[in-house]
Amino acid sequence: MRLRIVIFTAALVGVALAVVGLVVERVSVAGMTMDLRWMSWAIFLCGYAVCSGANVAYFALSRRDLRKMMWRGRNAPEDGTAALQAMLASALLEHLRNPNWTLASILYTNVGFGVYISQLSDTLFIGVLAVVMPVLSITVFGEFFAQATFLRYAGRICYLFSPLIWALKWITSPVSY
């Protein structure tokens, strides 16, 4: 539970820093000038990867298997693995009760992160690199690596990012519900 709170807090702080990087651009600290746009670009790439991986992982989970896990954990001791799996399954089933809302909010957020990455790339890179770098980074880190990792550990990672997905659902609810 603590790790979920840390992930949610880190995501909020990361998005706040990314927005600051978009507005401020450069900061001077101890005589050194730092370009905050690079930090924003990295944070938006991580956000894109989380949305891309969550898109695949949430719908790779079987509702039937999650319900079985909940049923097994009903009469299990509270400190056992069956009880822990039942808690995990109940949290994930909440997202899958309305799968259209979950999918739409993840996709809208994913598109938003992709747009911000491409806009930032236009200011960070010169010429052809402004097209090549976002395409390569999104393809390798945002699609292949993220989806493979999220699929391999679908239940655990979806449970960890569950509060973040709830926040995304409520933020995009005017257009995604």
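Before any of the text, the structure's been laid out above.
A brief report on the enclosed structure follows.

Scoring rules and cut-offs
Residues numbered from 1 in each chain as written. Predicted model: local features only at pLDDT ≥ 70, side-chain atom pairs only at ≥ 80, totals over all residues. Heavy atoms only, no water. Helix = DSSP H or I, 4+ residues; strand = E, 2+ residues; numbered from the N terminus. Buried < 20%, exposed > 50% of the residue type's maximum accessible area, 1.4 Å probe, protein only. Contact = heavy atoms within 4.5 Å. Areas by Shrake-Rupley, 256 points an atom, 1.4 Å probe, with all protein chains shown as cover. Lys, Arg positive; Asp, Glu negative; His and termini not counted. Charge placed at Lys NZ, Arg CZ, Asp CG, Glu CD. Salt bridge = Lys/Arg side-chain N within 4 Å of Asp/Glu carboxyl O. Pairing = 2+ DSSP bridges. Phe/Tyr/Trp six-rings, centres within 6.5 Å; stacked < 30°, edge-to-face > 60°. Axes fitted to C-alpha atoms, helices over the stretch in contact; angles between N-to-C directions. Parallel < 35°, antiparallel > 145°, perpendicular 65-115°, else oblique. Nonpolar A, V, L, I, M, F, W, Y, C, P; charged D, E, K, R; others polar.

## Regarding the overall build of the protein
Okay, so step 1: Secondary structure summary: the protein contains nine helices and two strands in total.
Okay, so step 2: From first element to last, N terminus to C terminus, the protein shows the α and β order α-β-β-α-α-α-α-α-α-α-α.
Okay, so step 3: Of all 177 residues assigned to the protein, the portion counted as buried reaches 39%.
Okay, so step 4: Contacts in the protein between residues at least 24 apart in sequence constitute 74% of all its contacts with a sequence separation of at least 6.
Okay, so step 5: Of the roughly 10,600 Å² of accessible surface on the protein, 68% is carried by carbon and sulfur atoms.
Okay, so step 6: Taken together, the 14 basic and 8 acidic charged side chains of the protein have centroids lying 11 Å from each other.

## With respect to the pattern of salt bridges
Okay, so step 1: Applying the stated rule across the entire model yields one salt bridge.
Okay, so step 2: Across the salt bridge formed by arginine 97 and glutamate 94, the nearest N and O atoms sit 2.9 Å from each other.
Okay, so step 3: Of the residues examined, arginine 97 reaches a relative accessible area of 59% and is grouped as exposed.
Okay, so step 4: With a relative accessible area of 35%, glutamate 94 lands in the partly exposed category.

## Describing the pairing of strand β2 (residues 32-35)
Okay, so step 1: Judged from the four bridges that link them, strand β1 (residues 26-29) and β2 form a sheet pairing that is antiparallel. Within β2, the position partnered with arginine 26 by the bridge is aspartate 35.
Okay, so step 2: In textbook terms, the turn of a hairpin is the stretch between consecutive antiparallel strands, and for β1 and β2 this stretch comprises two residues, one of which, alanine 30, has a positive phi near 50°.

## Description of the packing of aromatic side chains
Okay, so step 1: The tally for this structure, following the rule as stated, stands at eight aromatic pairs.
Okay, so step 2: Centroid distance phenylalanine 44 to tyrosine 116: 5.2 Å. Interplanar angle 20°. Geometry classified as stacked. Here tyrosine 116 lies in helix α5 (residues 99-124) and phenylalanine 44 lies in helix α2 (residues 36-58), a separation of 72 residues in the sequence.
Okay, so step 3: Through a chain of ring-to-ring contacts, three or more aromatic side chains come together here, namely Trp38, Trp41 and Phe125.

## Looking at the packing of α5 against helix α8 (residues 162-171)
Packed helices, taken two at a time, are described by their axes: the angle between them and the distance between them.
Okay, so step 1: Interaxial distance between α5 and α8 falls to 9 Å at its minimum, and their mutual angle equals 85°. If you check the angle between α5 and α8, you find them roughly perpendicular. For the pair α5 and α8, the contacting residues are Trp101, Thr102, Ser105, Ile106 and Thr109 in the first and Ile165, Trp166, Leu168, Lys169 and Trp170 in the second.

## With respect to the packing of α2 against α8
Okay, so step 1: Where α2 meets α8, the closest approach of the two axes is 12 Å, and the angle between their N-to-C directions is 100°. Between α2 and α8, the crossing angle belongs to the class labelled roughly perpendicular. Only Ser162, Leu164, Ile165 and Leu168 of α8 make contact with α2, whose side of the interface consists of Val50, Cys51, Ala54 and Tyr58.
Okay, so step 2: Within the contact of α2 with α8, the residues separate by chemical class into seven nonpolar, one polar and no charged.

## Focus on the environment of serine 105
Okay, so step 1: By the secondary structure assignment, serine 105 is in helix α5.
Okay, so step 2: Residue class for serine 105 comes out buried when judged on its relative accessible area of 0%.
Okay, so step 3: In sequence terms serine 105 and valine 19 are 86 residues apart; their C-alpha atoms lie 20 Å from each other.
Okay, so step 4: If we skip the residues at most four places from it in the chain, serine 105 touches Leu168, Lys169, Thr172 and Ser176.

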